[in-house]
2 protein chains.
Amino acid sequence: MSNSQATSINALLTPTSYLVLGLLAREGPCTPYDLKRHVAATIGHFWSFRHALLYKEPPRLVELGLATEEREQAGRRRRLFTVTAAGIDAVRAWLERPSRESTELRDPGLLQLFFADLASSDVRRALVLEQLAIHRAKLVEYEAEARLERGSDRPLPGHRTVEHWRGQTLSMGVRYERAAVDFWQGVATTIAADEAAAV
Amino acid sequence: MSNSQATSINALLTPTSYLVLGLLAREGPCTPYDLKRHVAATIGHFWSFRHALLYKEPPRLVELGLATEEREQAGRRRRLFTVTAAGIDAVRAWLERPSRESTELRDPGLLQLFFADLASSDVRRALVLEQLAIHRAKLVEYEAEARLERGSDRPLPGHRTVEHWRGQTLSMGVRYERAAVDFWQGVATTIAADEAAAV
DNA sequence: CCTATCATGTAATCCGTTACATGATTAT
DNA sequence: ATAATCATGTAACGGATTACATGATAGG
């Protein structure tokens, strides 16, 4: 076991690194575009990894000896990346150290609400209704996808599949959006009441 | 109105910019440390703005003519920033364009769960329990603070105060953490059932 | 055949983080 | 007094975003 190496390497890796390593580890060799597709299906819904990132990260991993690259000579010159044993070690080591950092919940709409007192009540209302609409739409979207997932996922207890954990991730998304819809609905109601009282 | 200017300037501003501008607009002149304190109380709970950022952003705003700086000559040489009329215009313009970008929900723990199939069931369990603990702690923390806020906030309907919107922000945090606790609790239960079935 | 969208890649810029430093206050 | 923590600031590095660019594929 090259664990002594793995632990020092882990200091150099970001969440993006683990995303890529993890995907390479379980989906097999990928082009950056493959990575993009895998990401888009789940985590990508609420943790955006821009495509340029997924093109830049793998080479970094290659430098660290955690992946290898193979490049097409034909027209597209695709870059195909494969995880190395050291790469898998790094993922394992990462999973063995449960993250203690708390969630970054960056919602531009919420930031605007935070400054709602600086706006007129018209502006405020528009703002709130927009957020409500956004979160409702997202909720519908996630729920639809969650249903799809569940269709193909018939887990035998005690033997959870890849799809199972993917589905779980999505389900957190659903829960968040539900909470958000409730929240903004409450805000909208309050505002409406205020306007009625102001007449 | 210098709205034609304001709109072009808005393209150069980040959420951080609006955070600073907004705070300067409603709390009055601030040192970077003041900003830090204001942030820590609310949004800072789930959208971390490191202190170095809050020292770097204001000068940027000064360059753009959205704020002015005054510096102490005495021992501490504090930098005191004040928002300009153009700065206030920029905030207003921003609020008038409800953000359409969806929430970035960056949870390292969830990323780990996403790759749970790559770990042993022991590692998996540790992971889940850790997240559950984290979110429970956060929930307690937020709820406590939300109670404090509500103590000082006695809103007359139709006349919401600054504190009111601050409180709202926190309340979204509470909702998120509740959702997270539910979620991880569910995962923990499933895992426990699996382990029982595996014997 | 042409247009739109998908697929693929790179370079430059810049925001945000990490790291470093030190001056004041408070507590012990 | 002295340690510890709060308060304040800057510099450097690097990851992430924006912007640019073009090769394939499919639909009309």
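A short tour of the structure in this document, coming up. Quick caveat, the model's predicted, so the values are computed rather than measured.

Details of the protein's contact with DNA strand C
Alright, step 1. Taken together, 21 residues lie near DNA strand C, and A:Y33, A:R77, A:R78, A:R79 and B:K56 sit nearest.
Alright, step 2. Among the atoms of DNA strand C lying within 4 Å of the protein, the sugar-phosphate backbone contributes 70%.
Alright, step 3. With respect to DNA strand C, the side chain of A:R79 contributes an N or O atom lying 2.8 Å from a phosphate oxygen.
Alright, step 4. Interatomic distance of 3.1 Å between a side-chain N/O atom of B:R60 and a sugar or linking oxygen of DNA strand C.
Alright, step 5. Put simply, the parts of the chain that give the surface near DNA strand C at least two residues each are α3 (32-40) and α4 (51-63) of chain A together with α4 (51-63) of chain B.
Alright, step 6. For the surface near DNA strand C, the class distribution of residues is 6 nonpolar, 4 polar and 11 charged.

Some thoughts on the relation of the copies chain A and chain B
Alright, step 1. Screw-axis analysis of chain A against chain B gives a translation of 0.0 Å along the axis, an RMSD of 0.1 Å, and a rotation angle of 180°. What the superposition gives is, in effect, a two-fold axis relating one chain to the other. Residues of chain A ranked by C-alpha distance from the rotation axis are headed by A:L105, positioned 2.4 Å from it.
Alright, step 2. Comparing interface residues between copies, 100% of those in chain A also lie at the interface in chain B; the contact surface is shared.

Thoughts on the protein's contact with DNA strand D
Alright, step 1. In the vicinity of DNA strand D lie 20 residues, with A:K56, B:Y33, B:R77, B:R78 and B:R79 positioned nearest.
Alright, step 2. Within 4 Å of the protein, atoms of DNA strand D come from sugar and phosphate in 70% of cases.
Alright, step 3. Here a phosphate oxygen of DNA strand D and a side-chain polar atom of B:R71 are 3.4 Å apart.
Alright, step 4. Those elements that provide at least two residues to the surface near DNA strand D are α4 of chain A together with α3 (32-40) and α4 of chain B.

Some words on the interface of chain A and chain B
Alright, step 1. Chain A puts 69 residues into the contact, and the matching count from chain B is 69 residues.
Alright, step 2. Here chain A packs against chain B, burying approximately 7100 Å² in sum over the two surfaces, 67% of which is carbon and sulfur.
Alright, step 3. Taken together, chain A and chain B are joined by 6 salt bridges.
Alright, step 4. We note a salt bridge from B:R26 to A:D117, for which the minimum N-O separation is 2.5 Å.
Alright, step 5. Here chain A and chain B share 28 residue pairs in polar contact (both at pLDDT 80 or more) between them.
Alright, step 6. Counting residues per element, the ones that place at least two in the side of chain A that touches chain B are α2 (15-27), α5 (85-96), β3 (104-106), α6 (108-114), α7 (121-152) and α8 (162-198) of chain A.
Alright, step 7. Ranked by residues supplied to the side of chain A that touches chain B, first place goes to α8(A) with 17 residues.
Alright, step 8. Grouping the amino acids of the side of chain A that touches chain B by side-chain chemistry returns 36 nonpolar, 15 polar and 18 charged.
Alright, step 9. Here β3(A) runs beside strand β3 (residues 104-106) of chain B; their pairing, made up of 3 bridges, is antiparallel.

Side note on the pattern of salt bridges
Think of it this way: side chains of opposite charge can pair up when their charged atoms draw near.
Alright, step 1. Counting across every chain of the model gives 24 salt bridges over all chains.
Alright, step 2. Where A:R160 meets B:D194, a salt bridge forms, and the shortest distance between an N and an O atom there is 2.7 Å. One end of the pair, A:R160, is in the loop between α7 and α8; the other, B:D194, is in helix α8 (residues 162-198), on a second chain.
Alright, step 3. Measuring nitrogen to oxygen at the nearest pair gives 3.1 Å for the salt bridge that ties B:D122 to B:R125. Here B:D122 and its partner B:R125 are both found in helix α7 (residues 121-152), 3 residues apart, which amounts to about one turn of the helix.
Alright, step 4. Sharing partners across several salt bridges, the network here consists of A:R26, A:E27 and B:D117.

Things to note about the nonpolar core
Alright, step 1. Counting residues in each nonpolar core, the largest one holds 46 residues, and the members touching the most others are A:L113, A:W184, B:L113 and B:W184.
Alright, step 2. Non-local contacts of B:L113, meaning those with residues more than four positions away in its chain, are made with A:W165, A:Q168, B:L127, B:V128, B:F183, B:W184 and B:V187.

Re the side chain of B:T103
Alright, step 1. Counting through the fold element by element, B:T103 comes out in the loop between α5 (85-96) and β3.
Alright, step 2. Reaching out from B:T103, the side chain makes a polar contact with the side chain of A:D107 at a distance of 3.4 Å.
Alright, step 3. Of the polar contacts made by the side chain of B:T103, one reaches the side chain of A:Y176; its length is 2.9 Å.

So, α4(A)
Residues and elements named next belong to chain A.
Alright, step 1. Those residues of α4 lying buried are L54, E57, P58 and L61. For α4, the arc enclosing every buried residue in end-on projection is 100°, short of the 170-degree limit, so these residues lie on one face. Opposite its buried face, α4 presents the exposed residues K56 and E63, each directed more than 90 degrees away.
Alright, step 2. Phi for G65, located one or two positions after α4, is positive at around 80°.

Brief notes about the packing of aromatic side chains
Alright, step 1. One pass over the full model with this rule turns up 13 aromatic pairs over all chains.
Alright, step 2. Where B:F183 meets B:W184, the ring centres are 5.2 Å apart and the plane angle is 80°; that geometry is what we call edge-to-face. B:W184 carries the same exposure label as B:F183, and that label is buried.
Alright, step 3. An aromatic cluster is built from A:Y18, A:W94, B:F114 and B:F115, whose rings are joined through pairwise contacts.
Alright, step 4. Here the basic side chain of A:R26 rests over the ring of B:F114, its NZ or CZ set 4.7 Å away from the ring centre.

How each quantity is defined
Residues numbered from 1 in each chain as written. Chains lettered and ligands numbered in written order. Predicted model: local features only at pLDDT ≥ 70, side-chain atom pairs only at ≥ 80, totals over all residues. Heavy atoms only, no water. Near = heavy atom within 4 Å. Polar contact = N/O pair within 3.5 Å; in protein donor to acceptor, adjacent residues only side chain to side chain. Helix = DSSP H or I, 4+ residues; strand = E, 2+ residues; numbered from the N terminus. Nonpolar A, V, L, I, M, F, W, Y, C, P; charged D, E, K, R; others polar. Least-squares fit on C-alpha atoms with pLDDT ≥ 70 in both. Contact = heavy atoms within 4.5 Å. Buried area = accessible area lost by both parts, 1.4 Å probe. Salt bridge = Lys/Arg side-chain N within 4 Å of Asp/Glu carboxyl O. Pairing = 2+ DSSP bridges. Core = buried A, V, L, I, M, F, W, Y, C linked by side-chain atoms within 4.5 Å. Buried < 20%, exposed > 50% of the residue type's maximum accessible area, 1.4 Å probe, protein only. Arc of directions from axis to C-beta. Phe/Tyr/Trp six-rings, centres within 6.5 Å; stacked < 30°, edge-to-face > 60°. Lys NZ or Arg CZ within 6 Å of the ring centre and 35° of its normal.

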